[in-house]
Amino acid sequence: MQHEERLRIWIEQGNVNISQLFFHHYKSLGIQDVDAMLIMHMTAYKSAGNHFPTPTDFASRMSLTENEVSAILQRLMQHGLLQIGQSEDANGVLHESFSLQPLWDRLIDQIAIAANEAEKASRKNEEGEIFSLFEQEFGRFLSPMECESIAMWFDEDGHSVEIIRAALKEAVLAQKLSLRYIDRILFEWKKKNVKTLSDVERQTKSFRTVGIRPPQQQQKTVSVKRVPFYNWLEERE
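Once a new chain begins, its residue numbering starts again from 1 and follows that chain's sequence as written. pLDDT decides what is reported in this predicted model: residues at 70 or higher carry local features, side-chain atom pairs at 80 or more are listed and counted, and totals for whole chains, interfaces and linings draw on all residues regardless. Neither water nor hydrogens contribute to the side-chain values; these are computed over all heavy atoms in the structure.

We now examine the environment of Val 200. Put simply, DSSP H or I for four residues or longer makes a helix, DSSP E for two residues or longer makes a strand, and each gets a number counted from the N terminus. With respect to the helices, strands and loops of the structure, Val 200 is situated in helix 10 (residues 197–208). Remark: the alpha-carbon pair of Val 200 and Glu 162, spanning 38 residues in sequence, is separated by 10.0 Å. Contacts of Val 200, omitting those with residues within four sequence positions, involve Ile 163, Ala 166, Trp 189 and Val 194. The contact criterion used throughout is that any non-hydrogen atoms of two residues lie within 4.5 Å.

Here is the structure:
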């Protein structure tokens with residue numbers, strides 16, 4: 001058979017597309033390799049218009065007996081991954097078909113769980129880096145009470161890693177390295193609904209520009225302006 005003829009037949013028969021996510025996660029769903037292969041054949045049959053292939057059909061394509069195919073189909077249904085549905089055609093004749101929708105639903109849930117766990121792990125790593133950053137700026141190890149205070153910023157106050165890092169930076173710039181000072185910064189930011197780094201920039205910029213006077217026209221000497229830092233420990237109305 002010529003190459004062009006083979007290509008034409010291949011195109012006419014079409015391709016069977018199964019998401020890469022299925023191959024990444026089917027093991028975690030308790031699906032065995034032979035089950036996954038049968039699912040691929042089921043999808044191929046459906047693409048060809050056969051929505052309810054028999055064990056004989058599967059056995060003709062796989063190195064399995066009809067009884068082994070039946071056992072796999074039963075296992076998939078018992079695990080809630082496969083359903084048999086019925087539909088009625090225009091002549092009122094009922095037709096049965098396999099549905100893999102339960103499998104795809106379970107796969108979506110599994111992906112969401114995996115993504116959530118990955119996000120939690122990433123957040124834990126970032127939180128761990130915050131403790132190291134505090135020790136680096138303080139030039140010493142944190143005490144257990146200090147570690148507990150920082151943990152409370154995450155767990156009870158709901159501050160993000162970025163906001164806590166920005167508060168630490170504000171304390172470093174103001175040369176007021178203490179947890180009490182940083183806690184006050186976070187308290188004020190939470191009260192003013194500061195949640196993003198853009199909010200932080202706007203908030204701190206408004207404080208640092210206060211008190212800067214325009215240059216005197218009569219002043220001949222050049223002086224360097226000092227940018228005041230807001231004292232977060234001062235009570236404000």
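There's more to say after this.
The next thing to look at is the side chain of Asp 199. Checked against the element boundaries, Asp 199 lands in helix 10. With a relative accessible area of 18%, Asp 199 lands in the buried category. Beyond its immediate sequence surroundings of up to four residues, Asp 199 is in contact with Asn 193 and Val 194. For the exposure calls, accessible area comes from a 1.4 Å probe over protein chains only, and a residue counts as buried if that area is under 20% of its type's maximum, exposed if over 50%, partly exposed in between.

This next bit is on the environment of Ile 185. In this structure, Ile 185 sits in helix 9 (residues 179–191). Considered as a pair, Ile 185 and Ala 167 are 18 residues apart in the sequence and their alpha carbons are 6.3 Å apart.

This part is about the layout of surface pockets. The volume enclosed by the second largest pocket comes to roughly 270 Å³. Taken together, 15 residues make up the lining of the second largest pocket; nearest its centre are Thr 43, Lys 46, Leu 100, Gln 101 and Trp 104. Among the elements of the structure, helix 3 (33–47), strand 2 (94–99) and helix 6 (101–138) are those that each provide at least two residues to the lining of the second largest pocket. Note on definitions: the grid is 1 Å and covers protein atoms alone; a cavity is a set of points where a 1.4 Å probe fits but cannot get out; a pocket is an open set with protein on both sides within 12 Å along at least five of seven lines; lining residues have an atom within 4 Å of a point. Grid points are joined across faces, edges and corners, and a volume is the space filled by probe spheres set on the points.

This part takes up the packing of aromatic side chains. Classification of ring pairs uses Phe, Tyr and Trp, with its six-membered ring standing for Trp, and accepts pairs whose centres are within 6.5 Å; under 30 degrees between planes counts as stacked, over 60 as edge-to-face, and the remaining range as tilted. Within the structure shown, the criterion is met by seven aromatic pairs. Ring centres of Phe 22 and Tyr 26 lie 5.3 Å apart, and the angle between their planes is 25 degrees; this geometry places the pair in the stacked category. This pair shows no difference in class: Phe 22 is buried, exactly as Tyr 26 is. With centroids separated by 5.7 Å and ring planes inclined at 90 degrees, the aromatic side chains of Tyr 45 and Phe 58 adopt a geometry described as edge-to-face. In this pair, Tyr 45 sits in helix 3 while Phe 58 sits in helix 4 (residues 55–61), placing the two residues 13 residues apart along the sequence. The pair Tyr 45 / Phe 58 is uniform in exposure class, with both members buried. Three or more aromatic residues joined by ring pairs make a cluster, and in this case those are Phe 22, Phe 23, Tyr 26 and Trp 104. Whether a charge sits over a ring comes down to the Lys NZ or Arg CZ being within 6 Å of the ring centre and within 35 degrees of the ring normal. Positioned over the ring face of Tyr 45 is Arg 61, at 3.9 Å from the centre of the ring.

So, on to the environment of Asp 157. Along the chain, Asp 157 falls in the loop between helix 7 (144–155) and helix 8 (161–173). In this view, Asp 157 contacts Met 152 and Lys 190; residues no more than four positions away in its chain are not counted.

So, on to helix 9. With 13 residues, helix 9 should reach 18 Å at 1.5 Å per residue; the first-to-last C-alpha distance of 18 Å fits that figure. For helix 9, every residue scored as buried is listed here: Leu 179, Tyr 181, Ile 182, Arg 184, Ile 185, Leu 186, Glu 188 and Trp 189. Positive backbone phi, approximately 60 degrees, marks Asn 193, located one or two places after helix 9. A helix is expected to span 1.5 Å multiplied by its residue count minus one.

On the secondary structure map, Asp 35 appears in helix 3. The exposure class of Asp 35 is buried, given its relative accessible area of 1%. Polar contact is the term for a pair of N or O atoms within 3.5 Å; when the atoms are in protein, one must be able to donate a hydrogen and the other to accept it, and sequence-neighboring residues count only if both atoms are side-chain atoms. A polar atom in the side chain of Asp 35 sits 2.6 Å from the side chain of Arg 75. Discounting chain neighbours no more than four positions away, the residues touching Asp 35 are Ile 72, Arg 75 and Leu 76.

On to the packing of helix 6 against helix 8. In helix packing, the relevant descriptors are the interaxial angle and the interaxial distance, both defined with respect to the helix axes. Across the interface, helix 6 lies against helix 8 with an axial gap of 10 Å and an inter-helix angle of 5 degrees. One way to sum up the angle between helix 6 and helix 8 is to call them roughly parallel. Residues Glu 126, Glu 127, Ile 130, Leu 133, Phe 134, Glu 137 and Phe 138 of helix 6 form the contact with helix 8, whose participating residues are Val 161, Ile 164, Arg 165, Leu 168 and Val 172. Following the grouping adopted for this structure description, the nonpolar residues are Ala, Val, Leu, Ile, Met, Phe, Trp, Tyr, Cys and Pro, the charged ones are Asp, Glu, Lys and Arg, and the polar ones are all others, Gly among them. Here the residues of the contact of helix 6 with helix 8 are counted per class, giving eight nonpolar, no polar and four charged. All axes are obtained by fitting lines to C-alpha atoms, using only the stretch in contact for helices, and the reported angles, taken between N-to-C directions, cover 0 to 180 degrees. Angle categories: roughly parallel below 35 degrees, roughly antiparallel above 145, roughly perpendicular from 65 to 115, and oblique for all the rest.

Purely spatial values, then, with no claim about function.
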